[in-house]
Each structure stands twice: as C-alpha cells, then as structure tokens.
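Chain residues, written in single-letter form:
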Amino acid sequence: QVQLVESGGGLVQAGGSLRLSCVASGRTFSIDAMAWFRQAPGKEREFVAAISGFGGRTYYTGSVKGRFTISRDNAKNTVYLQMNSQKPEETDIYYCARRRSTSGSAYYKEYDYWGEGTQVTVSS
C-alpha cells in the first residue's frame, strides 16, 4: 500500500523559512516523480514544485522560483520542499503527491497518490 506522510509545516513569519518533508512507502520510490501542491479552502489545488524520477529534473511554478527548492533522497524515500522568503499569501495546506511515472507534471490529476497535507501559516 502506497503511503505518503508529510511533516514540517507550522507557523513562520513573513520572510522566514520552513522545510517540508514527505516520506513515501509502498513501491519503488526512486522511479516515481514527486511533487508538492498547495490548497486554500474553497480553491483549487495549486502546483508548487515537482521533481522527476531519479531526480534529474525539477519544475516550479513561477511565483516560487528562486525561493523554493524541491529535492529528494532516494535512500530515505523522502522528498523535501525548502521554502525561503515566505509570503503571507502562501498560507495553505501543502500536499505531497506521487506519480506512477518518471516525468513530473504540474497537473494535479496526473498524480496517483496523495498525503494528508501539512498546514503552513505565514504571518505578516
């Protein structure tokens, strides 16, 4: 059974940093693309970043480029999202997602497995 468990969310001041982690289980981790999405109440899930299987390529939504970094440690079955210079409008629930493909995608419907999410609150 595939599971994704996020951690690392919390409260941070504007301009601060957090690192999210997502531990995966249930199938060979290294071949699957992984991603982070975020969602506010009443809004559609928004793409943040993705990393291809084997970690060769990364993808970011424009608003986080240069501030957020997605990475993976295949030995630990873990994907990370380092978030720097955070903004209050980035207060959301952040979700880890896994795709049965080596190619990353920004479209949430192309991901097969999801974590339960971790709350990130950025105070002004």
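Structure: see above.
Rules and cut-offs
- Residues numbered from 1 in each chain as written.
- Predicted model: local features only at pLDDT ≥ 70, side-chain atom pairs only at ≥ 80, totals over all residues.
- Heavy atoms only, no water.
- Helix = DSSP H or I, 4+ residues; strand = E, 2+ residues; numbered from the N terminus.
- Contact = heavy atoms within 4.5 Å.
- Areas by Shrake-Rupley, 256 points an atom, 1.4 Å probe, with all protein chains shown as cover.
- Lys, Arg positive; Asp, Glu negative; His and termini not counted.
- Charge placed at Lys NZ, Arg CZ, Asp CG, Glu CD.
- Phe/Tyr/Trp six-rings, centres within 6.5 Å; stacked < 30°, edge-to-face > 60°.
- Lys NZ or Arg CZ within 6 Å of the ring centre and 35° of its normal.
- Pairing = 2+ DSSP bridges.
- Axes fitted to C-alpha atoms, helices over the stretch in contact; angles between N-to-C directions.
- Disulfide = S-S within 2.5 Å.
- Buried < 20%, exposed > 50% of the residue type's maximum accessible area, 1.4 Å probe, protein only.

Student: How do you make sense of the overall build of the chain when you look at a structure like this?
Tutor: Broken down by element type, the chain carries 0 helices and 11 strands. Scanning the chain from its N terminus toward the C terminus, one meets helices and strands in the order β-β-β-β-β-β-β-β-β-β-β. Dimensions of the chain, computed from C-alpha atoms along their principal axes, come out at roughly 40 × 30 × 25 Å. Pairs at least 24 residues apart make up 59% of the contacts formed inside the chain by residues separated by at least 6 positions. Of the roughly 6200 Å² of accessible surface on the chain, a fraction of 45% belongs to carbon and sulfur atoms. Computed over 15 positive and 11 negative side-chain charges, the inter-centroid distance for the chain is 5 Å.

Student: In this structure, what is going on with the packing of aromatic side chains? I would like to understand it.
Tutor: What characterises a pair of aromatic rings is the spacing of the ring centres plus the angle enclosed by the ring planes. Under the counting rule described, the total for this entry stands at 5 aromatic pairs. For the ring pair Phe37 and Tyr111, a centre distance of 5.4 Å and an interplane angle of 75° mean the geometry is edge-to-face. A residue pair is termed long-range when its members are at least 10 positions apart, and Phe37 in strand 4 (residues 33–39) and Tyr111 in the loop between strand 9 (92–99) and strand 10 (113–114) qualify at 74 residues. Members of the aromatic cluster, connected to one another through ring pairs, are Phe37, Phe47, Tyr111 and Trp114. Stacked on the ring of Trp114, the Lys or Arg Arg45 has its end atom at 4.7 Å from the ring centre. Looking at Arg72, its charged tip hangs above the ring of Phe29, at a distance of 4.4 Å from the centre.

Student: Can you help me understand the sheet that holds strand 8 (residues 78–83) in this one?
Tutor: Adjacent strands of a sheet pair through backbone hydrogen bonds, lying either parallel or antiparallel. Pairing in this open sheet of 4 strands is antiparallel, and the strands run 1-3-8-7 from one edge to the other. The two strands at the open ends of the sheet, each matched to only one other strand, are strand 1 (3–7) and strand 7 (68–73). Recorded for the sheet is a direction-independent mean angle of 15° between the axes of neighbouring strands. Sheet analysis places strand 7 next to strand 8, joined by 6 bridges and oriented antiparallel. When the sheet's bridge partners are listed, Thr69 is paired in strand 8 with Gln82.

Student: Is there a simple way to think about the state of the cysteines in this case?
Tutor: Two cysteines form a disulfide when their sulfur atoms are joined by a covalent bond. Tallying each qualifying case throughout the model produces 1 disulfide. The disulfide that involves Cys22 links it to Cys96, with 2.1 Å between the sulfurs. A torsion of -80° about the S-S bond marks the disulfide between Cys22 and Cys96 as left-handed. Of this pair, Cys22 sits in strand 3 (residues 18–25) while Cys96 sits in strand 9, and the two are 74 residues apart along the sequence. According to the relative accessible area criterion, Cys22 is buried, its value standing at 0%.

Shape descriptors only; they carry no functional weight alone.
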